[in-house]
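Fold and contact review
Residues per chain, in single letters:
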Amino acid sequence: MNILDIIDKKEKNEKLTKKELQYVIDNYLNGTIKDYQMSAFLTEIDLLGLSDEETIDLTDIMLHSGKILNLGFDNIADKHSTGGVGDKTTIVLAPLVASLGVKIAKMSGRGLGHTGGTIDKLEAIKGFQTSMSLDKFKNQVNQIGIALVGSMGNLVPADKKIYALRDVTGTVDSVPLIASSIMSKKLASGASNIVIDLKVGSGALVNDLTDAKKLAHLMVKIGQKNNKKTACVLTNMDEPLGYAVGNSLEVIEAINTLKGNGPKDLTNLVIKLASLMTSASLNIAEKEAEEKVKENLYNGKAYQKMLEWVKAQGGDINSIQIADNKKIITSDKEGYINKIDALEIGKLARKLGAGRLNKDDQIDLTVGIVLKHKVGDYVEKDEPLAEIYYNSKQITNQELLSCYNITKEKPKTPKLIIDIIK
Ligand code: URA
């Protein structure tokens, strides 16, 4: 077996055996297969796809490329988001479901590109430790039902190496490569109930609804093949989620949501995801789960769990800082907001310093943008559209205004939850 024959076979769109896929992954990890060969192989997959069987095999091989966590608890629930702008969902969802007795033992990532990452956001809480030993992690889950860290052990090294290469070779947006990347990590982290928030739209990795549905079905199939309850929720990422974009600002919005005062879209999304996780973990009907979720969101218990969680990880909830400089950008015309381009808003927040272009870039946790409206709202000329919190880096009024399309006709209110596949 050799890599050139395998690339050749893929080029002819012939089905690859599990042994051949295993050969590629093993030899890429040990350095025998070079980056340029792997990049040719990934490009073929990006162009021609993989069958479901090949994707299931690839996921299994990646899953077994490193450690698989066994935390010793049954029924751990996990949620994964494919990443969006203003997506602070995990920070609300995790303590909310934990307050209902669902175990959360979660690993999250840092932001890259125009999307933020939960770990960066949580570091806006002074003292919050985003890494800890496996023993402390398990103890914390045992004692308070929730722990969240950046990474734990050598899980799925194949994904780390392949994802870094995909990032620089334009092969990130391949459906089978995304499915195997996400699902190998979810399966390795020891969760038995998995909910995936698959973002669709301008600010998301997947723009096209047909691709998104294909990806959702594939991930659910992989999860079920591995005996995990898996659901995939397709959600709109054409406009940012909630109003706040930027690390500290998003944590503040998440806290307000946990106090029952969150933006409608974020609150509804959290309730849906939390109901699916609670229903699967407590083995109750989704309707009953939803009632429990709403109760704890509005009776203070979810927020109490957040306080307990932050304290357990060394954080001071009262320490969140936002940048001292604030400017308000107003609308240059009246009319209905037809579009707020999530991708462009994400890029502007990054320009202020809230995100990274390269993995090692330092970010400014205190800066960002707070939008004053959602798509469908009517604005007067000179009415505030957004507040900009900044330090040394700035954006112009025109840059923000160009993210908006304001028209005379009232647009249809965008549907936040597009579909649920399980
Ligand atoms: N998120 C992942 O973890 N992997 C991908 O391939 C895409 C998004």
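A brief report on the enclosed structure follows. Please read all numbers here as calculations on a predicted model, not as lab measurements. (Residues numbered from 1 in each chain as written. Predicted model: local features only at pLDDT ≥ 70, side-chain atom pairs only at ≥ 80, totals over all residues. Heavy atoms only, no water.)

**Some details on the sheet that holds strand 7 (residues 325–330)**
Where strands meet in a sheet, backbone hydrogen bonds hold them as pairs that are either parallel or antiparallel. One open sheet accounts for 4 strands, arranged 6-9-11-7; its pairing is antiparallel. Strands with a single pairing partner mark the edges of an open sheet, and in this sheet they are strand 6 (244–245) and strand 7. Strand direction decides the pairing type here: strand 9 (residues 368–371) and strand 11 (residues 384–390), joined by 4 bridges, are antiparallel. Counted as the bridge partner of Val 370 is Glu 387 from strand 11. The sheet contacts of helix 15 (residues 342–352) involve strand 6, strand 9 and strand 11, and relative to strand 9 the element is tilted by about 140 degrees. (Pairing = 2+ DSSP bridges. Helix = DSSP H or I, 4+ residues; strand = E, 2+ residues; numbered from the N terminus. Contact = heavy atoms within 4.5 Å. Axes fitted to C-alpha atoms, helices over the stretch in contact; angles between N-to-C directions.)

**Points about the pattern of salt bridges**
What the rule picks out here adds up to 27 salt bridges. For the salt bridge of Lys 199 with Asp 87, the shortest nitrogen-to-oxygen distance reads 3.8 Å. Of this pair, Lys 199 sits in strand 4 (residues 193–200) while Asp 87 is found in the loop between strand 1 (76–81) and helix 5 (89–98), placing the two residues 112 residues apart along the sequence. Accessibility assignment for this pair places Lys 199 and Asp 87 in one class, buried. Between Glu 286 and Lys 422 there is a salt bridge; the shortest N-O distance is 3.2 Å. With Glu 286 in helix 13 (residues 286–298) and Lys 422 in the segment after strand 13 (417–421), this pair connects stretches of sequence that are 136 residues apart. A relative accessible area of 58% means that Lys 422 is categorised as exposed. In this structure, a network of salt bridges that share partners links the residues Arg 110, Asp 120, Glu 123 and Arg 356. (Salt bridge = Lys/Arg side-chain N within 4 Å of Asp/Glu carboxyl O. Buried < 20%, exposed > 50% of the residue type's maximum accessible area, 1.4 Å probe, protein only.)

**Some words on the sheet that holds strand 1**
The 6 strands are arranged 3-2-1-4-5-13 in an open sheet whose pairing can be described as mixed. If you trace the sheet from one side to the other, it starts and ends with strand 3 (146–149) and strand 13, each paired once. On average, adjacent strands in this sheet sit at an angle of 20 degrees to one another, irrespective of strand direction. The sheet contact formed by strand 2 (residues 103–107) and strand 3 spans 4 bridges and is parallel. Across the sheet, the residue bridging to Lys 106 is Leu 148, located in strand 3.

**Regarding helix 7 (residues 134–144)**
Residues separated by three or four positions in an α-helix point in the same direction, a consequence of the helix having 3.6 residues per turn. Within helix 7, burial applies to Phe 137, Gln 140, Val 141 and Ile 144. Down the axis of helix 7, the sector holding all buried residues measures 100 degrees, keeping them to one side. When the buried face of helix 7 is taken as reference, the exposed residues oriented beyond 90 degrees from it are Asp 135, Asn 142 and Gln 143. Buried residues belonging to helix 7 abut strand 2, strand 3 and helix 14 (301–312). (Arc of directions from axis to C-beta.)

**Some remarks on the site of the ligand**
As a structural note, the neighbourhood of the ligand is formed by His 80, Tyr 163, Arg 166, Ile 178, Ser 181, Ile 182, Lys 185 and Leu 205. Ser 181 places a polar side-chain atom, nitrogen or oxygen, 2.6 Å from a nitrogen atom of the ligand. Protein chains bury 91% of the 240 Å² of accessible surface belonging to the ligand in isolation. The set of elements that each furnish at least two residues to the shell around the ligand consists of helix 8 (157–169) and helix 9 (175–188). Sorting elements by how many residues they give to the shell around the ligand places helix 9 first, with 4 residues. Across the shell around the ligand, the residue classes tally to 4 nonpolar, 2 polar and 2 charged. (Near = heavy atom within 4 Å. Polar contact = N/O pair within 3.5 Å; in protein donor to acceptor, adjacent residues only side chain to side chain. Areas by Shrake-Rupley, 256 points an atom, 1.4 Å probe, with all protein chains shown as cover. Nonpolar A, V, L, I, M, F, W, Y, C, P; charged D, E, K, R; others polar.)

**A word on the packing of helix 2 (residues 18–29) against helix 3 (residues 35–48)**
Between helix 2 and helix 3, the shortest axis-to-axis distance is 11 Å and the interhelical angle comes to 145 degrees. Both helix 2 and helix 3 take part in a crossing whose hand is left-handed. On helix 3, the residues that touch Leu 21, Val 24, Ile 25 and Tyr 28 of helix 2 are Asp 35, Met 38 and Phe 41. Among the residues making up the contact of helix 2 with helix 3, the classes are represented as 6 nonpolar, no polar and 1 charged. (Left-handed = near helix turned anticlockwise from the far one by under 90°.)

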